[in-house]
Amino acid sequence: MWCYVDDKVSRVAWLNRSNIIFAGRDKWSLDPRVELVTKGQLEYSLRIQKVDVYDEGQYTCSIQTKELSRTSQVFLIVQVPANIYKVSEDITINEGSNVTLTCLASGRPDPMITWRLLNPSAEPLDGEEYLDISGITRTQAGRYECKASNDVASPDVKYVNVIVNYAPFIKDTKSSDPQVGRMGVLQCEAFAIPKPEFKWYRDDKRLSSGQGISIQMMGSRTLLLVSNVTEEDYGNYTCVATNRLGIHNASVFLYRPGTANNMSGAVAVSQSLWLLLGSLTCLLLKC
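What you are looking at is a predicted structure, and each value in this text was computed from that prediction instead of being measured.

Visitor: What exactly am I supposed to notice about the pattern of salt bridges here?
Guide: Side chains bearing opposite charge may pair, as long as their charged atoms lie close to each other. Enumeration according to the criterion identifies eight salt bridges in this entry. Here arginine 108 makes a salt bridge to glutamate 56, at a shortest N to O gap of 2.7 Å. Of this pair, arginine 108 sits in strand β10 (residues 99-108) while glutamate 56 sits in the loop between β5 (45-48) and β6 (57-65), and the two are 52 residues apart along the sequence. For arginine 108, a relative accessible area of 32% corresponds to the partly exposed category. The exposure class assigned to glutamate 56 is buried, which follows from its relative accessible area of 18%. The network of salt bridges with shared partners includes Asp31, Arg33 and Asp55.

As structure tokens, this is what we get:
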């Protein structure tokens, strides 16, 4: 903080509010961070090192000559970079639950807090210190970014990882139509968190590796391999994916060569007939 005097000055002092910091060249303050800057006879400036928020306030350079006295006042405003001092820990939650993420920050001026989910779009989310997510879905899982900024320095950024548990969902199946004596391969792919456990069934009987059958697990997929296919092996198999949140199953077929399209058509016709029957029943009952 600068203050300049002339050779007519008889007394000069620096004050903080009503406290004398310097009177002439005599230091009254006990604060080691405060020092007087006198470059030449006319400068009488005050320097404070490592400024703190408690240093904020009004400072007065008081000058007295034989004719009059005058003052020069400076109001010191201390700015503090944004600092995130509390943020939610990483969380694992079940799909459909309500979640609140917390991000508390300090700074002067007060920082602005923004949230983003770091997916490909990474668009800003509606939330400040608290980000509320109602009925969270699996698509809302990921890394959340909390940013606190007040233009004093670079923003402070923290991250929260959110894992969303959900029940298995069988996304894809692949049937097979091997000839007798060849190998048949059935595939089933499912997604879930926690990772699903797969089981294979033929009618009501659970299958296991052995006696010409091999079951393999490959990440989110499972393979059922039937070596040396016989006539008895053709038919419907069931893939079951389970975790502690639920279960999902799907039919997978080991077709006789040349019957895959016919069976698919038969299934489609059967579904159409059931839909037609349901519509007629609804008309008769006036539902």
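Visitor: Even after reading the chapter, I still don't get the state of the cysteines, so can you show me in this structure?
Guide: Evaluation of the coordinates by the stated rule reveals two disulfides. Shown here is the disulfide that connects cysteine 103 with cysteine 146, its sulfur atoms set 1.8 Å apart. On the S-S bond that ties cysteine 103 to cysteine 146, the torsion sits near -70°, and the link is left-handed. Of this pair, cysteine 103 sits in strand β10 while cysteine 146 sits in strand β14 (residues 142-149); the two residues are 43 residues apart in sequence, bridging distant segments of the chain. The buried category is assigned to cysteine 146, whose relative accessible area is 0%. Residue pairing for cysteine 188: its cysteine sulfur links by disulfide to cysteine 239, the two sulfurs lying 2.1 Å apart. For the disulfide bridge between cysteine 188 and cysteine 239, the dihedral angle about the S-S bond is near -80°, and by the sign convention the bridge is left-handed. A residue pair is termed long-range when its members are at least 10 positions apart, and cysteine 188 in strand β16 (residues 184-193) and cysteine 239 in strand β21 (residues 235-243) qualify at 51 residues. For the pair shown, cysteine 188 and cysteine 239 are each scored as buried.

Visitor: Please explain the nonpolar core as it appears in this structure.
Guide: Nonpolar side chains tend toward joint burial in soluble globular proteins. Counting 19 residues, the largest nonpolar core has Leu101, Ile113, Trp115, Ile136, Tyr144 and Val162 as the members making the most contacts within it. In terms of residue count, β10 provides more of this core than any other element does, four residues in total. Once you skip the residues sitting within four places of it in the chain, tyrosine 144 turns out to touch Leu101, Trp115, Arg116, Leu117, Leu125, Leu131, Ile133, Lys158, Tyr159, Val160 and Val162.

Visitor: Sorry, what's going on with the sheet that holds strand β3 (residues 26-27) here?
Guide: Sheet strands pair via backbone hydrogen bonds, and the direction of the pair is either parallel or antiparallel. Read across the sheet, five strands follow the order β3-β2-β1-β6-β7 without closing on themselves; strand pairing throughout is antiparallel. Looking at which strands have only one partner, the edges of the open sheet turn out to be β3 and β7 (69-76). Relative to β6, strand β1 (residues 9-16) runs antiparallel, the two being bridged by seven bridges. Directly across from leucine 15, in β6, lies its bridge partner threonine 60.

Visitor: Even after reading the chapter, I still don't get the layout of surface pockets, so can you show me in this structure?
Guide: Taking a probe equal in size to a water molecule and rolling it over the atoms shows the remaining empty space. One number sums up the size of the largest pocket: a volume of about 280 Å³. Within this model, the second largest pocket holds a volume of roughly 170 Å³.

Visitor: What should I look at first to understand the packing of aromatic side chains in this one?
Guide: This model, assessed by the stated rule, comprises one aromatic pair. The side chain of arginine 143 reaches across the aromatic face of tyrosine 159, ending 3.9 Å from its centre.

Visitor: How do you make sense of the environment of cysteine 61 when you look at a structure like this?
Guide: Tracing the chain through its elements places cysteine 61 in strand β6. By relative accessible area, cysteine 61 is classed as buried at 0%. Between the C-alpha atom of cysteine 61 and that of tryptophan 2, which follows or precedes it by 59 residues, the distance is 8.7 Å. Beyond its immediate chain neighbours, meaning those up to four positions away, cysteine 61 contacts Cys3, Val12, Ala13, Trp14, Tyr44, Arg70, Thr71 and Ser72.

Visitor: Sorry, what's going on with the confidence of the model for the protein here?
Guide: Interpretation of this model should avoid reading the predicted coordinates in detail wherever pLDDT is low. This prediction gives the protein a mean pLDDT of 87; 90% of its residues lie at or above 70. When the criterion is pLDDT under 50, residues 263-287 qualifies, and its contacts beyond four places in sequence or with other chains add up to four contacts.

Visitor: What should I look at first to understand a nonpolar patch on the surface in this one?
Guide: A grouping of Trp2, Tyr4 and Leu42 is seen on the molecular surface, where their side chains present a nonpolar patch of about 400 Å² in accessible area. Counting through the fold element by element, tryptophan 2 comes out in the segment before β1.

Visitor: Help me understand the side chain of asparagine 16, please; the structure alone is not making it clear to me.
Guide: In this structure, asparagine 16 sits in strand β1. Of the residues examined, asparagine 16 reaches a relative accessible area of 14% and is grouped as buried. Not counting residues within four places of it along the chain, the set of residues in contact with asparagine 16 comprises Ile21, Gln58 and Tyr59.

Visitor: I tried to follow the environment of tyrosine 159 on my own but got confused; where do I start?
Guide: Along the chain, the position of tyrosine 159 falls in strand β15 (residues 156-174). Taking the C-alpha atoms as reference, tyrosine 159 lies 8.7 Å from glutamate 89; in sequence the two are 70 residues apart. Those residues within four positions of tyrosine 159 in sequence are excluded, and the remaining contacts are Asp90, Leu118, Arg143, Tyr144 and Glu145.

Quick notes on the rules
- Residues numbered from 1 in each chain as written.
- Predicted model: local features only at pLDDT ≥ 70, side-chain atom pairs only at ≥ 80, totals over all residues.
- Heavy atoms only, no water.
- Salt bridge = Lys/Arg side-chain N within 4 Å of Asp/Glu carboxyl O.
- Helix = DSSP H or I, 4+ residues; strand = E, 2+ residues; numbered from the N terminus.
- Buried < 20%, exposed > 50% of the residue type's maximum accessible area, 1.4 Å probe, protein only.
- Disulfide = S-S within 2.5 Å.
- Core = buried A, V, L, I, M, F, W, Y, C linked by side-chain atoms within 4.5 Å.
- Contact = heavy atoms within 4.5 Å.
- Pairing = 2+ DSSP bridges.
- 1 Å grid on protein atoms, 1.4 Å probe; cavity = no way out; pocket = protein on both sides within 12 Å on 5 of 7 lines; lining within 4 Å.
- Points joined across faces, edges and corners; volume = space filled by probe spheres on them.
- Phe/Tyr/Trp six-rings, centres within 6.5 Å; stacked < 30°, edge-to-face > 60°.
- Lys NZ or Arg CZ within 6 Å of the ring centre and 35° of its normal.
- pLDDT = per-residue confidence, 0-100.
- Patch = residues over 30% accessible without salt bridge, like charges linked within 9 Å, V, L, I, M, F, W, Y side chains within 5 Å.
- Areas by Shrake-Rupley, 256 points an atom, 1.4 Å probe, with all protein chains shown as cover.

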